[in-house]
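Architecture at a glance
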Amino acid sequence: MSSCKSTFTPVDTKPKLGVATGSPSEDPTRNRSLARALQYVTFTRPDITYVVQQVCLFMHDPKIEHMNALKRIIRYIQGTLDYGLHLYPSSTSTLVSYTDADWGGCPDTIWSTSGYCMFLGNNLVSWSAKRQSTLSRSSAEVEYRGVVNVVSESYWLRNILLELYCLIQKATLVYCDNVSVIYRSGNPVQHQRTKHIEMNIHFVREKVARGQVRVCHFLSRYQIADIFTKGLPSVLFEDFRDSLSVQRPPAMTVGVC
């Protein structure tokens, strides 16, 4: 596929892939080999993290549809070969994260996909796209589980930075587009409908009470973490990709060493 036609996005906006769709793949070993290779590419290309995660869910029984999804990723990479994750000199005094979840998006299990990205200063340092392992009964619940994941990651990252003598004094900002989640993160009153996620709620509230985390509202239109939970239109995808600092290398002057 070295001369294939490129695409603007690695995945379309259609519903997520399923297990029982399509005919079996002609060469399952090739599917798995390509999926494993693409997992390494996500180390410097967070813009394909979501679709690679989706494809890897079905490597135990790959179908032709899954192979077509892998080929689309290759077509996207073919058109963006010179893109990569850029890191710049920046302050390390702030830790900011964005989290989102796609409620009940899996067509087989009705489980949700949650994703987040975390910035140290202006640089992206951690990101994830993962299908949740339990069924959530509301969008607020699935969003809260996503907040728990990013708060746990930020707590680990703050400890790593502390060992490197880089103490972060300010609270980690967690941006979420669900108002109910923000309310529950600071409200000490328990409700009947939240008792099944009580441990998660207490975990986040403890960090908020200690001043280590602040959960803030963010408009859905600017929620960067959407790129880790669902397929997006090309204009929105490119906008979020730029926000992750996945770009072409800066132009070099001829003759500069």
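In what follows, the accompanying structure is described. (Residues numbered from 1 in each chain as written. Predicted model: local features only at pLDDT ≥ 70, side-chain atom pairs only at ≥ 80, totals over all residues. Heavy atoms only, no water.)

So, the sheet that holds strand S6 (residues 213-217)
Strands sit in the order S4-S3-S2-S5-S6 across an open sheet of five strands; the sheet is mixed. Pairing within the sheet leaves two strands with one partner each, and these edge strands are strand S4 (123-131) and S6. Strand-to-strand, the axes of this sheet are offset by a mean angle of 20°, without reference to chain direction. As paired elements, strand S3 (residues 113-120) and S4 share eight bridges and run antiparallel to each other. For Thr-113, the partnering residue across the bridge sits in S4 and is Arg-131. Each of S3 and S4 touches helix H2 (residues 49-56); the most contacted strand, S4, lies at about 30° to it. Relative to strand S2 (residues 95-102), helix H4 (residues 139-163) is tilted by about 155°, and along the sheet it contacts S2, S3, S4, strand S5 (172-176) and S6. (Pairing = 2+ DSSP bridges. Helix = DSSP H or I, 4+ residues; strand = E, 2+ residues; numbered from the N terminus. Axes fitted to C-alpha atoms, helices over the stretch in contact; angles between N-to-C directions. Contact = heavy atoms within 4.5 Å.)

Structural notes on the packing of H2 against helix H3 (residues 64-79)
Look at H2 against H3: their axes get within 10 Å of each other, and the N-to-C directions meet at 155°. The angle between H2 and H3 falls in the class roughly antiparallel. Taken as a pair, H2 and H3 cross one another with a handedness that is left-handed. Of the residues in H3, those in contact with Val-51, Val-52 and Val-55 of H2 are His-66, Ala-69, Leu-70 and Ile-73. (Parallel < 35°, antiparallel > 145°, perpendicular 65-115°, else oblique. Left-handed = near helix turned anticlockwise from the far one by under 90°.)

Re the environment of Arg-45
Secondary-structure assignment places Arg-45 in the loop between helix H1 (28-41) and H2. Classification of Arg-45 as buried rests on a relative accessible area of 4%. For the pair Arg-45 and Thr-172, spaced 127 residues apart in sequence, the C-alpha separation works out to 24 Å. Leaving out residues up to four positions away in the same chain, Arg-45 has contacts with Tyr-76, Thr-80, Tyr-83, Gly-84 and Val-246. (Buried < 20%, exposed > 50% of the residue type's maximum accessible area, 1.4 Å probe, protein only.)

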